[in-house]
Amino acid sequence: MNAINHGGEHDVLAAAKEDHESVIELTRDLVAIPSRGGVDSYDPVLNRLSIWLEQRHLAATVLKDKTGATVGLTCEVKGARPGPRWVLDACLDTAPFGDEHAWTHPPTSAVIDDGWLYGRGSADSKPAAAIFCHIAARLATTPSTLRGSLVLLFDVDEHTGGFGGAKRYFEGLDAPDDVVGVMIGYPGMDKLVIGGRGVHRAKLHVHGVASHSGGSKTTPSAIEKAANLIRVLSTAELPDGTSPEFPLPGKLTATAIQGGEGYSVTPDLCTVNVDIRTTPTFNDEAASHLLEHLVAGVDDAWPGTRPTLIQVDTCWPAYALDEKSRLRTALLDAAKTTGVHVEAKIAGPSNIGNYLAGLGIPATAGFGVTYTGLHGTDERARLDTIPTVQATYHKAVLQLMA
């Protein structure tokens, strides 16, 4: 690997093209190792990446949570001059396989067919991990040109919804206090996600009165009360919540219901999961007040039952990077120099950027390889888009660390 690393667009593109086959090889190795969130052991995929980094004299550190479970891996490249810390983040765990018989090529085959790499994780987000490793390897050859440091963070607890790797790195006892920006390598070249709606998630424990379903006396069923509550939630009018800087409105969805047992018991408890998407104006506090108001109205209409217990599970704020954000500007400018028109977008779904926003750390997401079948059958990534993605991130990092 030559030290083509001077900062010009031709240099980073030349470097990316030189690395192309190596990035493909590493990505295929990673895709061939099953790493489904909550299903497979993560040690094999992390070991493969650790070996690759160590062969290039880059030290990898495995992250473990308080229970000793493996949740991620980090690697740091330090510049010769002091400065802030930037992070390139990608997940190495994946979604489940689904119906393996429906795949054109098996989910861990890592087959290349007509320019597409097939396999679970081929889009989300093993190419990003391979690309980021190659950028780090190049930066490590010229530390004298760099200010601050670059950290690779690979989470293996993302598809579970736990984000254990990120939480361990950013909130652990040895968490750094100088991180000024995170770039998340989610796939898709059509947009750069610079914000997203937040989440306010809660479990509603709805109470009824238990009795024998065949008895002469009818008692309030927790399931029927919960059904009433779901109807109220689904028809509730939310505040507009939009603004020129944040055009997406809030949203409320009942996403799960659990209750009842057998046939002969009128249930006295039913639990409803509620997912509320928040905005900067329809924020976490407003979502909480709205939910409390709607729940109280249903409780009042069901006398003789205990009040519904609201158990808040997750609260991540909505966020949007300012137009003058260094992180946003660096990536958008870098994309232009590599010949890609990328739009800055606010995402409807939340992402790890929302979690980071809660810590006061700016983040971008959603710029990566062209893909199809994300989390579905025949997930695959377009291999000829890899050099452009690598050159864009490489150029952005050089600008930020100059």
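Overview of the structure. The residue numbers shown here count from 1 along each chain, following its written sequence. In view of the model being predicted, local features appear only for residues whose pLDDT reaches at least 70, and side-chain atom pairs are presented and counted only at 80 or more, with totals across whole chains, interfaces and linings using the full set of residues. Water and hydrogen atoms were dropped before computing side-chain values, which therefore reflect all heavy atoms in the structure.

Brief notes about the overall build of the chain
For clarity, the cut-off: To qualify as a helix, a DSSP run of H or I must reach at least 4 residues; to qualify as a strand, a run of E must reach at least 2; elements of each kind are numbered from the N terminus. The reference for a compact globule is 2.2 Å times residues^0.38; the radius of gyration itself is calculated from the C-alpha atoms. Type-normalised accessible area, obtained with a 1.4 Å probe on protein chains alone, sets the label of each residue: buried when under 20%, exposed when over 50%, and partly exposed for intermediate values. The contact definition used throughout considers only heavy atoms, calling two residues in contact when any of these lie within 4.5 Å. For accessible areas, the Shrake-Rupley method is used with a probe of radius 1.4 Å. Any residue's cover is judged against the shown protein chains and nothing else. Here the positive residues are Lys and Arg and the negative ones are Asp and Glu; neither His nor the chain ends is included. Where a charge lies is defined by one atom per residue type, namely NZ (Lys), CZ (Arg), CG (Asp) and CD (Glu).
Check the secondary structure of the chain and you find 9 helices and 19 strands. Whereas a compact globule of 402 residues would reach a radius of gyration of roughly 21 Å, the chain reaches 24 Å, a difference of no more than 12%. Projected onto the principal axes, the alpha-carbon positions of the chain cover approximately 85 × 45 × 40 Å. Relative to its full complement of 402 residues, the chain shows a buried share of 52%. Taking contacts inside the chain between residues at least 6 apart in sequence as the whole, the part at least 24 apart equals 79%. In the structure as shown, the chain presents an accessible area of about 17,600 Å², 51% of it carried by carbon and sulfur atoms. Side chains of the chain carry 34 positive and 47 negative charges; the gap between the two charge centres is 2 Å.

Concerning helix α6 (residues 284–300)
For the record, the criterion: Here the expected length of a helix is defined as 1.5 Å per residue gap, with one fewer gap than residues.
Counted at 1.5 Å a residue, the expected span for α6 with its 17 residues is 24 Å, and the 24 Å between its end C-alpha atoms agrees. Buried residues in α6 make contact with β9 (198–207), α5 (222–234), β11 (251–259), β13 (269–278) and β14 (309–316).

Section: the pattern of salt bridges
Selection criterion: We define a salt bridge as a side-chain nitrogen of Lys or Arg found within 4 Å of a carboxyl oxygen belonging to Asp or Glu.
Under the defined criterion, the tally for this structure stands at 14 salt bridges. With a shortest N-O distance of 2.7 Å, arginine 201 and aspartate 275 are connected by a salt bridge. Separated by 74 residues along the polypeptide, arginine 201 in strand β9 and aspartate 275 in strand β13 bring together distant segments of the chain. Judged by relative accessible area, arginine 201 falls into the partly exposed class, the value being 30%. A relative accessible area of 9% places aspartate 275 in the buried class.

Remarks on the nonpolar core
Applicable threshold: Throughout this description, the term nonpolar core refers to a set of buried Ala, Val, Leu, Ile, Met, Phe, Trp, Tyr and Cys residues connected via side-chain atoms within 4.5 Å.
Membership of the largest hydrophobic core comes to 70 residues, with the highest contact counts inside it found for Leu92, Phe132, Leu152, Phe154 and Tyr393. With 10 residues, the single largest contributor to this core is helix α3 (residues 126–139). Apart from residues lying up to four places away in sequence, leucine 152 is in contact with Leu53, Leu73, Thr74, Cys75, Leu88, Phe132, Cys133 and Ala136. With 23 residues, the next largest nonpolar core counts Tyr169, Ile184, Ile352 and Tyr355 among its residues.

Re the side chain of aspartate 124
Cut-off, in case you're wondering: N or O atoms within 3.5 Å of each other form a polar contact, as long as, within protein, one can give a hydrogen and the other can take it, and as long as residues adjacent in sequence are counted only when both atoms are side-chain atoms.
Inspection of the secondary structure assignment puts aspartate 124 in the loop between β5 (116–118) and α3. Buried charged residue aspartate 124 carries no salt bridge. Nearest counter-charge: arginine 120, at 8.4 Å. Within polar-contact distance, the side chain of aspartate 124 engages the side chain of serine 125 at 2.6 Å. If we skip the residues at most four places from it in the chain, aspartate 124 touches Cys91, Asp93, Thr94, His159, Tyr186, Pro187, Leu374, His375 and Glu379.

Notes on the environment of valine 151
For valine 151, the position within the fold is in strand β6 (residues 147–155). Under the relative-accessibility criterion, valine 151 is labelled buried at 2%. With 72 residues separating them in the primary sequence, valine 151 and isoleucine 223 have C-alpha atoms 49 Å apart. Setting aside its immediate chain neighbours within four residues, valine 151 contacts Thr74, Cys75, Glu76, Arg85, Trp86, Val87, Leu88 and Tyr169.

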